[in-house]
Every structure is written in structure tokens, then in C-alpha cells.
Amino acid sequence: MRSRRRNREAFAQHSYWQSYSDMMAALLLIFILMIAITLTIYRQKTNDLEKTRLELDTAQSQLDATIEDLELSKSELEKSNEELASSLVELQQAYEQAALTKEELDNAYLEIENARQELTTTKQELQDIVGIRTDIIGALQSAFSNSTMKVDAQTGSITFSSDVLFRYNSASLTADSRESLKNIIPMYLDVLLQDQFRDYIAEIIIEGHTDTDGGYRSNMELSYERAKAVADFCLNKTNGLSEKEIEQLQKILTVNGKSWSNPVYEKDAFGDSTGKVDMPASRRVEIKFRLKEDEMIEKIAGVLNQE
């Protein structure tokens with residue numbers, strides 16, 4: 001009886017420690033499992049965190065690139081705004097310039113129209129002047145229609161042979177030439193000094209010319225003295241001109257000596273110059289006139305010809 005009790009107690013004691021050991025083993029296993037699970041979760045979380053960090057780094061890089069692009073776009077936009085502002089300023093200036101150019105163009109058109117009107121007026125005046133020259137030459141030709149003296153149809157001048165007026169190498173008029181001049185000089189000057197033409201005459205010119213024989217200076221003196229002799233004859237009231245005509249003539253008379261600077265050349269059967277000096281024809285005294293508007297005619301004639 002006592003032996004059975006001791007066996008049961010021994011068995012009961014052994015069972016307690018075995019249960020405790022099992023329990024501790026179970027707890028240890030559970031602890032190990034928890035650690036394993038925790039490590040697994042930690043690794044998973046660490047991986048997830050690393051992946052997230054990588055994604056964040058990528059996103060940050062993309063964000064930085066986006067910010068850089070935005071900064072570049074902002075810079076380009078600012079540049080575009082500046083260019084646009086500059087273009088607007090240029091456009092405004094161009095508009096103002098266009099308005100100014102239009103005003104200048106209108107003024108230019110006005111000036112052209114005024115110039116055209118002035119040109120028309122000047123052209124009419126020139127035609128009147130040319131008509132005056134034609135009228136004077138016509139009147140001279142009419143006055144000399146029954147005379148042996150011929151009036152140049154282009155210039156209206158008359159020419160005396162020095163051989164007729166003077167002796168060789170002399171500047172004194174011969175008696176016969178004086179009688180001839182008394183008939184011709186008043187006839188010529190009466191036409192130029194009449195009221196119809198007098199205001200248009202700027203100058204009446206008496207020119208002496210010689211042939212090419214002798215020196216230039218000696219011929220210059222001779223040609224001048226011969227022209228002066230004819231001028232003195234014209235200004236002498238006993239030779240056909242009235243005192244009034246002489247007074248008018250003194251205001252516009254010019255005497256020139258041309259020596260042999262403008263000789264007359266012989267012509268062939270066809271009227272062409274042979275290049276040989278016509279000595280007798282070169283010895284001459286010319287009387288001609290110049291209109292007040294001759295210089296203007298020369299200047300404006302070119303304009304009219306271009307038109």
C-alpha cells in the first residue's frame with residue numbers, strides 16, 4: 001500500500017517537470033517563430049523601404065528634371081516676353097515711321113505737283129522766249145530782205161568782211177566802208193532796240209576776228225581795235241542812230257577781240273569742212289545779240305529734252 005503511494009508520487013513529480021519542460025520548449029519555439037516572423041517582416045519591410053527609397057530617388061530625379069525644365073521654360077518664356085515686348089516697340093516705331101513716311105510721301109507728291117506746275121510755266125516761258133528769238137531773227141531778215149547783207153538764220157548775227165571795212169593790218173574804217181555801215185548798222189540796231197524787243201536783249205556784241213597769219217597777241221589787238229572801230233561808228237550820232245538809241249546801246253554794247261581763236265574753214269562741194277582755214281572769210285567783224293534768258297534756256301533745255 002505504501003509502495004503504490006510512493007510510485008504514484010514519483011510518477012506525479014516526473015510528470016510535472018516534463019510538462020514544464022515541454023511548455024518551455026513550446027514557448028521557445030514560439031519565441032523562435034516570432035523572431036523568424038519578425039525577421040521576415042523586417043526583411044520585407046526593409047525591402048519595401050529600399051524599393052520605396054529608390055522610387056523616391058527616381059521621383060526626386062524626375063522632379064529635379066521637371067523643375068529644371070520648368071526653369072528653362074520660364075527662362076525661354078521670359079526671353080519670349082522680352083522679344084515680344086521688343087517686337088511691339090519695333091512695331092509701334094514702324095507704325096509711327098509709316099505714318100511719318102506717308103506724310104512725307106504726301107508732301108513729296110505735293111512738291112512734285114508744284115514742280116510740275118512750275119515746269120509747265122517755265123516751259124511756256126521758254127517757248128515764249130524761243131518765240132521772241134524767232135521773232136527777232138524774222139524781223140531782221142525782213143529788214144534785210146532787199147540788202148546784200150545776210151542775217152544768220154540760227155543766231156541772227158551779221159558779218160562784215162574785214163577786207164571790205166579795213167585796209168591790210170589797219171583798224172581804221174575806209175571811206176567806202178563808212179557809207180556801207182551807215183546803211184546797215186542803223187537797220188540792224190533799229191530792229192533790236194525797238195520797244196517790242198528791247199527788254200529781251202541782254203547784250204549786243206561786236207566781235208573782231210583775224211586769220212591765222214601772225215602772232216596771237218598781235219592779232220588779238222588788231223581784232224579788238226577793228227571791233228572797237230565799228231562800235232565807235234555805231235555810237236556816233238552822225239551815223240544814223242538817234243541819241244536815245246545810242247544811250248540804250250551804250251548800256252548793252254560789248255566789244256570783243258577774238259584774234260584767230262575762231263577761224264572759218266573752207267568747205268567742199270558737199271558742204272563739209274576740209275580742215276583748211278579760209279583766210280579771207282576768217283578776217284571779219286560780227287555783230288550779234290544775246291537774250292537775257294539765254295543762260296536759262298541752256299540749263300532748262302536739257303530738262304525739257306529729257307522729258
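You'll find the structure just up there.
Cut-offs applied
Residues numbered from 1 in each chain as written. Predicted model: local features only at pLDDT ≥ 70, side-chain atom pairs only at ≥ 80, totals over all residues. Heavy atoms only, no water. Core = buried A, V, L, I, M, F, W, Y, C linked by side-chain atoms within 4.5 Å. Buried < 20%, exposed > 50% of the residue type's maximum accessible area, 1.4 Å probe, protein only. Helix = DSSP H or I, 4+ residues; strand = E, 2+ residues; numbered from the N terminus. Contact = heavy atoms within 4.5 Å. Pairing = 2+ DSSP bridges. Axes fitted to C-alpha atoms, helices over the stretch in contact; angles between N-to-C directions. Expected span 1.5 Å × (residues − 1). Patch = residues over 30% accessible without salt bridge, like charges linked within 9 Å, V, L, I, M, F, W, Y side chains within 5 Å. Areas by Shrake-Rupley, 256 points an atom, 1.4 Å probe, with all protein chains shown as cover. Salt bridge = Lys/Arg side-chain N within 4 Å of Asp/Glu carboxyl O. Lys, Arg positive; Asp, Glu negative; His and termini not counted. Charge placed at Lys NZ, Arg CZ, Asp CG, Glu CD. Phe/Tyr/Trp six-rings, centres within 6.5 Å; stacked < 30°, edge-to-face > 60°.

## A word on the nonpolar core
Step number 1: Formed by 39 residues in total, the largest nonpolar core has its most connected members in Leu189 and Ile204.
Step number 2: At the level of secondary structure, the elements contributing two or more residues to this core comprise α1 (2-143), β1 (158-161), α3 (175-192), β2 (201-209), α5 (216-234), α6 (243-252) and β6 (284-291).
Step number 3: The greatest single-element share of this core, amounting to 7 residues, is contributed by α3.
Step number 4: Leave out the neighbours within four places in its chain, and Ile204 touches Leu189, Leu192, Leu193, Leu249, Ile252, Leu253, Thr254, Ile287, Lys288 and Phe289.

## Structural notes on the sheet that holds β2
Step number 1: As summarised here, the arrangement of the 4 strands in space is β1-β6-β2-β3, forming an open sheet in which the pairing is mixed. The open sheet has two edge strands, β1 and β3 (253-257), and neither has a second partner. Averaged over all pairs of adjacent strands, the angle between strand axes in this sheet comes to 20°, irrespective of strand direction.
Step number 2: Pairing geometry for β2 and β6, over 8 bridges, is antiparallel. In the sheet register, His209 faces β6, and the bridge partner there is Arg284.

## Some remarks on α5
Step number 1: Here α5 contains 19 residues, and its C-alpha end-to-end distance of 27 Å stays within 8% of the 27 Å for a straight helix at 1.5 Å per residue.
Step number 2: Looking at the packing, one finds that the buried side of α5 touches α2 (162-165), α3, β2, α6, β3 and β6.

## Thoughts on a negative patch on the surface
Step number 1: Residues Glu71, Glu78, Glu82 and Glu83 make up a contiguous surface patch of negative charge.
Step number 2: Residue placement: Glu83 occurs in helix α1.
Step number 3: Assessed through its relative accessible area of 45%, Glu83 is described here as partly exposed.

## Describing the pattern of salt bridges
Step number 1: With the rule as written, the count across this model stands at 11 salt bridges.
Step number 2: Here Glu243 ties to Lys237 by a salt bridge, and the two come within 3.5 Å at their closest N and O atoms.
Step number 3: Owing to a relative accessible area of 54%, Lys237 belongs among the exposed residues under this scheme.
Step number 4: Across the pair Glu286 and Arg284 runs a salt bridge whose closest N-O atoms are separated by 2.9 Å. Both residues of the pair, Glu286 and Arg284, count as buried.
Step number 5: When salt bridges with common partners are traced through the structure, they connect Glu50, Arg53 and Asp57 into a single cluster.

## Here we look at a nonpolar patch on the surface
Step number 1: Taken together, the side chains of Tyr20, Met23, Met24, Leu27, Ile30 and Met34 make up a nonpolar region of the molecular surface, amounting to roughly 580 Å² of accessible area.
Step number 2: Here Met23 is to be found in helix α1.

## Some thoughts on the packing of aromatic side chains
Step number 1: All told, the structure shown has 2 aromatic pairs when counted by the stated rule.
Step number 2: Relative to Trp260, the ring of Tyr216 has its centre 5.1 Å away and its plane inclined at 80°; by these criteria the two rings are edge-to-face. One end of the pair, Tyr216, is in helix α5; the other, Trp260, is in the loop between β3 and β4 (265-267), and 44 residues separate them in sequence.
Step number 3: Assessed through its relative accessible area of 35%, Tyr216 is described here as partly exposed.
Step number 4: When its relative accessible area of 29% is taken as the criterion, Trp260 is described as partly exposed.

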